[in-house]
Amino acid sequence: MESLRQYVLTMILAAILCAVVVSIMPEKAGKQSVVRMICGLYLLLVACKPLGLISFAAEESELVTYRQEAEQMQEDARKQTDEAMTAVIKAQTETYIEDKAEALGATVTAGVTLAGDMLPWQVELTGEVSPYVKTRLAQTIWAELGIPEERQVWFP
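Keep in mind the model is a prediction, meaning the values are calculated, not measured. (Residues numbered from 1 in each chain as written. Predicted model: local features only at pLDDT ≥ 70, side-chain atom pairs only at ≥ 80, totals over all residues. Heavy atoms only, no water.)

Q: Explain the overall build of the chain residue by residue, including any values.
A: Helix and strand content of the chain: four helices and three strands. Its helices and strands taken in sequence order, the chain reads α-α-α-β-β-α-β from the N to the C terminus. Relative to the globule expectation of 15 Å for 156 residues, the C-alpha radius of gyration of the chain, 33 Å, shows a markedly less compact shape. Dimensions of the chain, computed from C-alpha atoms along their principal axes, come out at roughly 85 × 40 × 25 Å. Among the 156 residues that make up the chain, the fraction classed as buried is 20%. The long-range fraction of contacts in the chain, counting pairs at least 24 apart against all pairs at least 6 apart in sequence, stands at 50%. (Helix = DSSP H or I, 4+ residues; strand = E, 2+ residues; numbered from the N terminus. Rg over C-alpha atoms; globule rule 2.2 N^0.38 Å. Buried < 20%, exposed > 50% of the residue type's maximum accessible area, 1.4 Å probe, protein only. Contact = heavy atoms within 4.5 Å.)

Shown next as structure tokens:
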């Protein structure tokens, strides 16, 4: 009984929808007969679907497949974007540190490791520097980039 009620309710809603669409079409548009034909086909589809005469199972499975492919493409694009952003942030941070060292009169090569949130986590510094430059550069890295001295690894 519930399925019959649902069927009748669906038909009524489809008929109301078609009536509204036909009524808002201007009479002089010359396309009202096309709209009426489309509405008639829509009502026919709505009427036949519950009777099992028309099946959209194949189309629904294709939509699921397309949605899964779209989600996969979106995930791939997100990963590529993250990789590109990581590379840019890493390179700019390394250049920043090397420029700060150069401003202090030292030549240093920096290798930055980023955390999962793409913020600088650790830095490996290579180059021979005076204790003064090392202390100043370590303080700058801590103050400007938030990398504490424990995560600043120095190599001669």
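Q: So what's going on with the pairing of strand β2 (residues 120–126)? Residues and values would help.
A: The sheet contact formed by strand β1 (residues 109–114) and β2 spans six bridges and is antiparallel. Along β2, the bridge assignment pairs Thr 109 with Thr 126. Following β1, the chain reverses through five residues before pairing antiparallel with β2; Met 118 in that reversal takes a positive phi of roughly 65°. Taking the sense of rotation as the criterion, the β-α-β connection linking β2, helix α4 (residues 131–145) and strand β3 (residues 152–155) turns out right-handed. (Pairing = 2+ DSSP bridges. Right-handed = clockwise from strand over helix to strand, strands pointing away.)

Treat this as a map of the structure, not an account of what it does.
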